[in-house]
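Analysis of the macromolecular model
Residues per chain are reported as follows:
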Amino acid sequence: MKTLLSFALLLFLAGGSSPAQNFWQQVTSPTQGTIHTFLIDSADAIYAGTQFGVHKSTNDGANWISLGLSTFNVYSIKSHDGFLFASTFEAGVYRSSNGGVTWVQTNSGLFSVSIGHLAIDQSGAIYAPTFDGLFKSTNNGNTWSITGLTESNLRTVTVDGDDNVYAGGLEGAVHKSTDHGLTWNAALSPGSNIVSIFASPTTGYIYVSNQYGPGGVFRSTDRGSSWQHSLPLLTTVYFAENSAGHIFLSTWAYVYRSTDSGSSWEQRSSGLTSTIVNGIAVNSIDRAFVGTPSGAVFKSVQPTTSVGLNDGRFPLRFELAQNYPNPFNPSTTFSFSIPYSSFIIFKVYDMLGKEVRTLVNENKSAGTYGVTFDATGLPSGLYFYRLQAGGQA
């Protein structure tokens, strides 16, 4: 069976600058309160933890429904073993066994009901940072016990691929445990007010966002033994990562992206109407979502991958997305999806139908791909591109 996807139009403007397509577009707001966090599940449903409870969208933010907890600030949402867990600033931890339709408070053993960002390790143990130390549950939140970390004003916790646990908060120190919370060592003291800690699933690097003191992002490439000041000065908030390993960072000065694991950063904020950005997440086709203090939600116009890497997932249909940016100068990126292994031919043509470039001419496994077209040396004008996939369905 041969599949031939229809022509699409792109515009190349040689010389000078071209009007850029925005990176972000606004979708419907779930609430007028602050968007604290997002959880995106395996079906790409989005759960938003907000100033007024939990909200859910199953269509990329076009519509939202309230899932309750509307009198609480929900700072994080996690899923495990068929349960949803929500941490609140006012009332501890809530658990849902039916996708958020109903919630049960699960605070047995907690000393404090002001909970930061939850984390779950490979065994299913849940970690909850509080004003009175770091707590742990090994039975899906039925009961909690204090770990060996009793520092006050903890705010965030994460677990890396080796099940090392990292925690920090207002006191400004990042602590690390290699034995599931029994004992702890100080890994970093960058200043004060640790907002979030992120462990990259791609590289294993650890990233820390710090609001005061030096401020910005600290990065460790050796599981916390040493640290580099990766992005100074900015008041940074939360991290997310796409399938290509690109790190996205929400800040009080828009959104930044690193394509080299934090060695350098570039602003990715066109289309945003708010300087301050809080929650950030990436879905299974690499579209990013961000939330703001006013309740506005934005999604990336295109998938956030920009290099030709298979994202490891299996699309249900052939799809060829509009190139981004468009118009462009001098390069633009295409995204396409194939549901099964196929020989792919991807070509660009001018207005007369003359082939000007072959971008792909090889067999590809099922997945979603990105490919870049560099038009340096070509005249300004309109060009067409075509994707041909041949193979057995």
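Here the structure is a predicted model, which is why all the values come from computation and not from measurement. (Residues numbered from 1 in each chain as written. Predicted model: local features only at pLDDT ≥ 70, side-chain atom pairs only at ≥ 80, totals over all residues. Heavy atoms only, no water.)

1. Let's talk about the overall build of the protein
To be explicit about the condition: The secondary structure listing takes helices from DSSP runs of H or I that are at least 4 residues long and strands from runs of E that are at least 2 residues long, numbered from the N terminus. Under the scheme applied here, a residue whose accessible area is under 20% of the maximum for its type counts as buried, over 50% as exposed, and between as partly exposed, the area being computed with a 1.4 Å probe on protein chains only. Only heavy atoms enter the contact rule, under which two residues are in contact if any of them lie within 4.5 Å. Only the protein chains shown count as cover for residues, with accessible areas throughout obtained via the Shrake-Rupley method and a probe of 1.4 Å.
Helix and strand content of the protein: 0 helices and 36 strands. Looking at the protein as a whole, 56% of its 393 residues qualify as buried. Look at the contacts in the protein between residues 6 or more apart in sequence, and 50% of them connect residues 24 or more apart. Summed over its atoms, the accessible surface of the protein is roughly 15,900 Å², and 51% of this surface lies on carbon and sulfur atoms.

2. Things to note about the sheet that holds strand 18 (residues 174-177)
For clarity, the cut-off: Two strands make a pair as long as DSSP finds a minimum of two bridges between them. Axis geometry follows a simple rule: fit a line to the C-alpha atoms, using only the stretch in contact for helices, then measure angles between N-to-C directions, giving values from 0 to 180 degrees.
Within the open sheet, the 4 strands sit side by side as 16-17-18-19. Their pairing is antiparallel. Single-partner strands in this sheet number two, and they are strand 16 (154-159) and strand 19 (185-188). The average undirected angle you get between the axes of adjacent strands in this sheet is 30°. Looking at chain direction, strand 16 and strand 17 (residues 165-169) are connected through 5 bridges and run antiparallel.

3. Comments concerning the confidence of the model for the protein
Stated precisely, the cut-off is as follows: Confidence of the prediction at every residue is given by pLDDT, a number between 0 and 100.
Taken over all residues, the pLDDT of the protein has a mean of 86, while the share at 70 or more is 89%. In the model, residues 1-8 has pLDDT below 50 throughout and makes 31 contacts with residues more than four positions away in sequence or in other chains. Long-range and interchain partners of residues 15-20, a stretch whose pLDDT sits below 50, account for 9 contacts in this model, where long-range means more than four residues apart.

4. Side note on the pattern of salt bridges
Heads up, the rule is: Criterion for a salt bridge: a side-chain nitrogen of Lys or Arg within 4 Å of a carboxyl oxygen of Asp or Glu.
Using the criterion set out here, one finds 6 salt bridges in the structure. Here Arg257 ties to Glu266 by a salt bridge, and the two come within 2.9 Å at their closest N and O atoms. Taking relative accessible area as the criterion, Glu266 reaches 30% and is therefore assigned partly exposed. When the shortest N-O distance is used, the salt bridge between Glu355 and Lys347 registers 3.2 Å.

5. Let's talk about the environment of Asn323
Along the chain, Asn323 falls in the loop between strand 31 (319-320) and strand 32 (331-338). Judged by its relative accessible area of 0%, Asn323 falls in the buried class. Put simply, Asn323 and Gln302 are 21 residues apart on the chain and 8.2 Å apart in space, counted from C-alpha to C-alpha.

6. Focus on unusual backbone geometry
Its identity is not glycine, yet Asn140 carries a phi of approximately 55°, on the positive side. In this structure, Asn140 sits in the loop between strand 14 (133-137) and strand 15 (145-146). Despite not being glycine, Ser261 has its phi angle at roughly 60°, a positive value. Ser261 gets classed as buried once you look at its relative accessible area, which sits at 16%.

7. Considerations on the environment of Thr372
Here Thr372 lies in strand 35 (residues 367-374). Overall, Thr372 belongs to the partly exposed group, its relative accessible area being 39%. Distance in space between the C-alpha atoms of Thr372 and Asn323 is 9.2 Å, their sequence separation being 49 residues.

8. What about the nonpolar core?
Put simply, the rule is: Only buried Ala, Val, Leu, Ile, Met, Phe, Trp, Tyr and Cys residues count toward a nonpolar core, and they belong to the same one when joined by side-chain atoms within 4.5 Å.
Grouped together as the largest cluster of nonpolar side chains are 20 residues, with contacts concentrated most on Phe336, Ile344, Phe346 and Phe373. Among the elements of the structure, strand 32, strand 33 (342-350), strand 35 and strand 36 (381-390) are those that each provide at least two residues to this core. Top contributing element to this core by residue count: strand 36, with 4 residues.

9. Thoughts on the pairing of strand 16
For a regular strand, side chains alternate in direction, first toward one face of the sheet and then toward the other. Among the 6 residues of strand 16, 5 are classified as buried, and the element is accordingly described as predominantly covered. Connecting strand 16 to the next strand, strand 17, in antiparallel fashion are 5 residues, including Asp163 with a positive phi near 70°.

10. Things to note about the side chain of Asn107
With respect to the helices, strands and loops of the structure, Asn107 is situated in the loop between strand 11 (104-105) and strand 12 (119-120). Residue class for Asn107 comes out buried when judged on its relative accessible area of 17%. Apart from residues lying up to four places away in sequence, Asn107 is in contact with Ala91, Gly92, Val93, Val113 and Trp144.

11. A word on the packing of aromatic side chains
What counts here: Any pair of Phe, Tyr and Trp rings, taking the six-membered ring for Trp, is counted once the centres come within 6.5 Å. Such a pair is stacked with planes under 30 degrees apart, edge-to-face with planes over 60 apart, and tilted for the rest. Geometrically, a charge over a ring is one whose NZ (Lys) or CZ (Arg) sits within 6 Å of the ring centre while staying within 35 degrees of the ring normal.
Inspection of every chain in the model, using the stated rule, returns 11 aromatic pairs. Geometrically, the ring pair formed by Phe111 and Phe135 is edge-to-face, given 4.9 Å between the ring centres and 85° between the ring planes. One end of the pair, Phe111, is in the loop between strand 11 and strand 12; the other, Phe135, is in strand 14, with 24 residues separating them in the sequence. Given a relative accessible area of 58%, Phe111 falls into the exposed group. Members of the aromatic cluster, each reached through a chain of ring pairs, are Phe23, Trp24 and Phe248. The ring of Phe83 has Arg95 lying over it, and the distance from NZ or CZ to the ring centre is 5.1 Å.

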